[in-house]
Amino acid sequence: MIRKTQILLVDDDYHFGGIVKKHLETAGFDVVQCFDGDIAWKKFLKADFDIILLDVVMPKRDGFTLAQDIRKKNGLIPILFITSRKLDEDRLEGFRVGGDDYITKPFSMQELIARINVFLKRTLPRAHNEKREFTLGKLTFNVEYLNVKDESGTVIGEITPREVELIRYFKNNANQILKREEILLNVWGKDGFFSGRSMDVFITRMRKHFRADPQIQLETLHNVGFRLNIPVDGQNNEH
């Protein structure tokens, strides 16, 4: 029997959450619904979920706090914030604490399901021939454990699945000028204001990793995009 995708839905709005749950189950997903952050945390620790849909404003443990706690345990599982909060600061905070995407209410169920499927294609199941890690300069990025190691093999930071895609894209196009809209379309699948703000957050995280290897220089080309400058022999193979 084929295992259904397991979704953890966390929203303190009983009516809205019930509607979302019904639509997702009709679309073929298994959904566990929670109405506060503490209960959701306990459910997360006991079950094996494939994606998390998370409201921001909730009793006992808010969505941002819950996302941070989840990221400490699991760096791979996609986290999609679903909330009525529309401030830019809230969206950016969602990305900072480990969220992968942010969708504001009201939204169509078709859009929600489409976004869920995009993330599932990236994470379930991982192809047997997918490389577990790849190197860039003197840094090693582990796709399985989602961490970064320096030349000595010491873990110097953690990465998210979105960072993996972004870093790989830069690596595959090293020493070339990459326009912002080009990066967004290839990594985010869309070119929009909030996708651009999200990218800026991840670019900042990337620069912190790259500090461990001075040969890697991520150049900002104002009003154009970016260029990853690195010696040709620093574009090492994946393994």
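Just above, that's the structure.
Colleague: Just to check I follow, could you spell out the overall build of the protein chain for this structure?
Modeller: A count of helical and extended segments in the protein chain gives 8 helices and 12 strands. Within the protein chain, the proportion of its 239 residues that are buried is 50%. Contacts in the protein chain between residues at least 24 apart in sequence constitute 57% of all its contacts with a sequence separation of at least 6.

Colleague: Looking at this model, I keep getting lost on the packing of aromatic side chains. Mind explaining?
Modeller: Two aromatic rings are characterised by how far apart their centres lie and by the angle between their planes. Enumeration over the complete set of coordinates arrives at 7 aromatic pairs. Relative to Tyr102, the ring of Phe81 has its centre 6.0 Å away and its plane inclined at 40°; by these criteria the two rings are tilted. Highlighted residues: Phe81 in strand S4 (residues 79-83) and Tyr102 in strand S5 (residues 101-104), separated in sequence by 21 residues. We classify Phe81 as buried; its relative accessible area is 0%. On the basis of relative accessible area, Tyr102 is assigned to the buried category, the value being 5%. Through successive ring pairs, a cluster of aromatic residues spans Phe64, Phe81 and Tyr102.

Colleague: Whenever I open this one, the side chain of Glu133 confuses me. Can you help?
Modeller: In this structure, Glu133 sits in strand S6 (residues 133-136). Take Glu133: its relative accessible area is 16%, and that puts it in the buried class.

Colleague: Quick question: what am I supposed to make of the pattern of salt bridges here?
Modeller: Opposite charge on two side chains lets them pair, provided their charged atoms get close. The final tally for this structure, using the stated rule, is 12 salt bridges. Across the pair Arg115 and Asp101 runs a salt bridge, and its minimum N-O distance is 3.2 Å. Separated by 14 residues along the polypeptide, Arg115 in helix H5 (residues 109-123) and Asp101 in strand S5 bring together distant segments of the chain. Just as Arg115 is buried, Asp101 falls in that class too. For Glu163, the salt bridge is made with Arg205, and the minimal N-O distance between the two is 2.8 Å. Of this pair, Glu163 sits in helix H6 (residues 161-172) while Arg205 sits in helix H8 (residues 193-210); the two residues are 42 residues apart in sequence, bridging distant segments of the chain. A relative accessible area of 23% places Arg205 in the partly exposed class.

Colleague: Quick question: what am I supposed to make of the sheet that holds strand S12 (residues 225-229) here?
Modeller: Strand pairing within a sheet occurs via backbone hydrogen bonds; the two strands may be parallel or antiparallel. The 3 strands lie next to each other as S10-S12-S11, forming an open sheet whose pairing is antiparallel. Pairing within the sheet leaves two strands with one partner each, and these edge strands are strand S10 (178-179) and strand S11 (217-221). Pairing of S10 with S12 involves 2 bridges; the strand directions are antiparallel. For Leu178, the partnering residue across the bridge sits in S12 and is Phe226. Strands in contact with H6 are S10, S11 and S12; relative to S12, the strand with the most contacts, it is inclined by about 70°.

Colleague: Sorry if this is basic, but what is going on with the packing of helix H2 (residues 37-46) against helix H3 (residues 63-73) here?
Modeller: Packing of H2 against H3 brings their axes to within 10 Å, and their N-to-C directions diverge by 15°. Comparing the axis directions of H2 and H3 gives the class roughly parallel. With respect to the hand of their crossing, H2 and H3 are arranged in right-handed fashion. Between H2 and H3, the residues in contact are Gly37, Ala40, Trp41, Phe44 and Leu45 and Leu66, Asp69, Ile70 and Lys73, respectively.

Colleague: Sorry if this is basic, but what is going on with the sheet that holds strand S3 (residues 51-54) here?
Modeller: With parallel pairing, the 5 strands of this open sheet are ordered in space as S2-S1-S3-S4-S5. Two strands lie at the open edges of the sheet, namely strand S2 (30-34) and S5, each paired on one side alone. Strand-to-strand twist across the sheet, computed as the mean angle between neighbouring axes with direction ignored, equals 20°. Of the strands in this sheet, strand S1 (6-10), S3 and S4 touch H3, which is tilted by about 175° from S4.

Thresholds, definitions, all that
- Residues numbered from 1 in each chain as written.
- Predicted model: local features only at pLDDT ≥ 70, side-chain atom pairs only at ≥ 80, totals over all residues.
- Heavy atoms only, no water.
- Helix = DSSP H or I, 4+ residues; strand = E, 2+ residues; numbered from the N terminus.
- Buried < 20%, exposed > 50% of the residue type's maximum accessible area, 1.4 Å probe, protein only.
- Contact = heavy atoms within 4.5 Å.
- Phe/Tyr/Trp six-rings, centres within 6.5 Å; stacked < 30°, edge-to-face > 60°.
- Salt bridge = Lys/Arg side-chain N within 4 Å of Asp/Glu carboxyl O.
- Pairing = 2+ DSSP bridges.
- Axes fitted to C-alpha atoms, helices over the stretch in contact; angles between N-to-C directions.
- Parallel < 35°, antiparallel > 145°, perpendicular 65-115°, else oblique.
- Left-handed = near helix turned anticlockwise from the far one by under 90°.

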